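So the chains spell out like this:
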Amino acid sequence: MNTPIYYRPTKAVIDLQAITHNISSLQNYIGPTIQIIAVVKANAYGHGDVEVAKTAIEAGATMLAVATPDEAVHIRENFKDIDILVLGASPHTFIPFASAENIILTVFSTEWLQLAQQYTPLLNQQRLHIKVDSGMGRIGVSTKEELMELYTIINSSDDFLVDGIFTHFATADEEDSMYFDNQATLFKDFLGALPQKPRLVHVANTATALVKDPSLHYDAVRFGISMYGLLPSSYVGTKLPFPIKPAFSLQTELVHIKKMQAGQSVGYGATYTAEEDCYIGTIPIGYADGMIRKLSGQEVLVGGKRAKIVGRICMDQSMILLPEAYNVGEEVVLIGCQQQEEITIDDWAHKLQTINYEVPCVITARVPRVYK
Ligand SMILES: *Cc1c(COP(=O)(O)O)cnc(C)c1O
């Protein structure tokens, strides 16, 4: 495979060794008999699905989970043998392809299953994981009757197999565990109603895997956010069983520097006016890269020092107030470490009043992901 050439210096650098470290540490913590399902949906939370999947498999993950059928197709094109689970709703028109390519689908209602029947006989037996809605209120069966009905229909058909059952927690990352405990109990009750335990029972997302009772690891855990070295919440951070390493950094270079006199302004709307003589640097990254305008005022790192983004962020460029004169080509770190300083994805999330999950996801495809 040719390594593409990128002329613009703006890039997301992904540390695959950090991902290996996070997966190995989790495996060590949960023990060798519990499987790791690497969650690589949304282009691996913006980190790059193929490279992250490859790293995860090498580090011991036995299954990859994606959100959509199209994501599954992309993974299957690159990995012929690994088990792939589509967590979300797949249109029933996807079933013939899924069967041919051995992609595991989520079944979440009898209505979906009835539509699925129209594609029988299938090329290969279609493996299904039943999704139980124990309190997330998203997709899944929410009564034991519907669960039993689904289970019976699937078992009466040679074309379909109940390969797994799972649920998803709404509050696993919070300190108050009442809602969580109710979900866990409900799921256990549903599971107990099945005449036979499917091959793979899995309920734990990152937060559950790291800080909840190990009995909830069941057969496999679905490892998402902390595989990328990010915390599901600050509460989980206070109870981490092992240190995690962030994999995502974002960097660019100064493309222009100018000396500005007090009273001169910068950017659209001339919203920033220099209070004293200063150096302003221009960096080739803007809101079309996912560095949205709300990040005006955010700090970046240059020469190991903090510098503020000043004025409005443009579509493709932004300006920063430099602590001193630098040369064109000087490295600017937007997310990550430089010398003794660090700017984290959580810093961006705080500035944007959102969660860290959202930050790498919204760095657009114009920013190349390069790997180290
Ligand atoms: C996204 C997702 C996960 C991963 O959650 P993290 O908090 O990132 O570990 C697990 N299960 C389901 C169903 C998901 O949609």
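Residues numbered from 1 in each chain as written. Predicted model: local features only at pLDDT ≥ 70, side-chain atom pairs only at ≥ 80, totals over all residues. Heavy atoms only, no water.

The protein goes by Alanine racemase in an unreviewed UniProt entry, where it is assigned to Solibacillus isronensis B3W22. We quote the UniProt Catalytic activity (unreviewed entry) comment for the protein here in full: "L-alanine = D-alanine". Check the Pathway (unreviewed entry) section of the UniProt entry for the protein; it says "Amino-acid biosynthesis; D-alanine biosynthesis; D-alanine from L-alanine: step 1/1." (UniProt positions renumbered as here; feature names shortened; annotations may be inferred.)

### Comments concerning the pattern of salt bridges
One pass over the structure, following the stated rule, counts 13 salt bridges. R306 is the salt-bridge partner of E299, the closest N and O atoms lying 2.8 Å from each other. With relative accessibility at 27%, the residue E299 sits in the partly exposed group. Taking the relative accessible area as the measure of exposure, R306 reaches 34% and is therefore partly exposed. (Salt bridge = Lys/Arg side-chain N within 4 Å of Asp/Glu carboxyl O. Buried < 20%, exposed > 50% of the residue type's maximum accessible area, 1.4 Å probe, protein only.)

### With respect to the UniProt feature "binding site: substrate" (unreviewed entry) in the protein
Within this structure's numbering, the places UniProt gives as "binding site: substrate" (unreviewed entry) are R138 and M315. Spanning 178 residues, the named residues are also spread out in space, since their farthest C-alpha pair is 35.1 Å apart. Considering the arrangement of structural elements, one finds R138 in the loop between β6 (126-132) and α7 (144-155). Sequence-distant contacts of R138, that is, excluding residues within four places in its chain, are made with K131, D133 and H168. Of the residues examined, M315 reaches a relative accessible area of 42% and is grouped as partly exposed. Those residues in contact with M315 that sit more than four places away from it in its chain are G286, Y287, A288, D289 and R366. (Helix = DSSP H or I, 4+ residues; strand = E, 2+ residues; numbered from the N terminus. Contact = heavy atoms within 4.5 Å.)

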